[in-house]
Amino acid sequence: MSRTPENSPEDAPRRPDRLDARVLIVTASRVLKDLAAAYLHDRTDANVFAASAGEARRVLTRHEFDLLIVHVDLPDCDAYEFAKEIADAFPATAVVLEMDDPRLDDAVHAMQSGAADMISLRAEGNDLARRLAATLDRAKLMRAREKRVDRLRRLCKKLSGKKLDQDQTRRQELAGAYNDLSETLASSGMASEFQSIIRAELDIESLLRAALQYILTKTGPTNAAIFLPATSGDFSLGAYVNYDGPKDSAEVLLESMAGVVAPKLERSVGLVSFRGQSDIMRAFGDSMEWVGNAEMIAMSCRHEGECLGVMVFYRDQRTPFSSELRKTLTTLAELFTRQVARVVSIHHRHLPKSQWGKSGLFDEPDAGPDIDLAA
């Protein structure tokens, strides 16, 4: 499969929404095929269509692609399982699921299956181009990171075959350095990916939604809540994920948590944790008995001495938060805090800095989505 010279001559001006990618579109729908063909024509390096997951697998054995767009209604396979299969087998290829009207729980399900995003080909052109471009950028970052790790792995193997067999201490030091570098690269890639997702969100509701969607892909099944400060000094529930709490009363209980947990954690620094019902109740009082025998971790989102929000995660202590996940959540909370501060500064740029907390950015009635993803 070769690039089409007439579609992308080197001396031709680039379209502002052009995507430098080879794309495989998997759909049995003629309507969606026509939509994809019309939208991607002259925007990409090459476009190939497959009518089923089986046909797509055969194409992937012969050609490499930067992006797969997979319609959720496949005739021969569950689209989410197919997305996971492709993400595992071809980590350098970004997989996007297509649905006419994706909801939040659809997007979360898609990301948990390994897909990079969920889109609608009927979306407005500029927004679709921006999201596909962001997905491709993250895929390129992942490919670059994998190449660096592979080079380091080959170097370690080469060295181990020569001199390291004679020096156990040096072997251990090199292995430690390799592990540290691998962790650093993984952490850097994750941070860049998260930042690229939330950087474009300049509305607090969209920011909360995008942040929780991404964080959930790292935590797995977890109850989560983000509490936002109001000009009155109280906290309100900005967004939440209800994994295993009572469906009918989850929002009410989390609203009560806003008045009990968030004020006590407002001035905390770094990640704090509480293990078991007795530990949680000792910290926040008997009103938190409903949380049960859970492990809870929380972070105050502080910027220049001000609390811009409090993030709380909790789940049954039989599935505790690992030390690696705690580091991940700390990193993501710091990036989230910076973006919230950026949103605040943009919304208040017409006011002196001393008045930024007094115009009610977080007091608007629709300032945050109440996201219920109860299983």
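Residues numbered from 1 in each chain as written. Predicted model: local features only at pLDDT ≥ 70, side-chain atom pairs only at ≥ 80, totals over all residues. Heavy atoms only, no water.

To continue, consider the state of the cysteines. Inspection of the entire model under this criterion finds zero disulfides. Not part of a disulfide, C307 finds its nearest cysteine sulfur in C301, a span of 6.8 Å. We classify C307 as buried; its relative accessible area is 10%. (Disulfide = S-S within 2.5 Å. Buried < 20%, exposed > 50% of the residue type's maximum accessible area, 1.4 Å probe, protein only.)

Here the focus is the environment of A21. With respect to the element layout, A21 can be found in the segment before β1 (22-26). Take A21: its relative accessible area is 1%, and that puts it in the buried class. For the pair A21 and N47, spaced 26 residues apart in the sequence, the C-alpha separation amounts to 8.8 Å. Apart from the residues within four sequence positions on either side, A21 is in contact with T44, D45, A46, D66 and L136. (Helix = DSSP H or I, 4+ residues; strand = E, 2+ residues; numbered from the N terminus. Contact = heavy atoms within 4.5 Å.)

Attention shifts here to the packing of aromatic side chains. A full pass over the atoms with the stated rule returns three aromatic pairs. Measuring from centroid to centroid gives 5.1 Å for F194 and Y214, while their planes differ by 35 degrees, and the two rings are tilted. With F194 in helix α6 (residues 168-198) and Y214 in helix α7 (residues 204-219), this pair connects stretches of sequence that are 20 residues apart. For the pair formed by F194 and Y214, the shared burial category is buried. (Phe/Tyr/Trp six-rings, centres within 6.5 Å; stacked < 30°, edge-to-face > 60°.)

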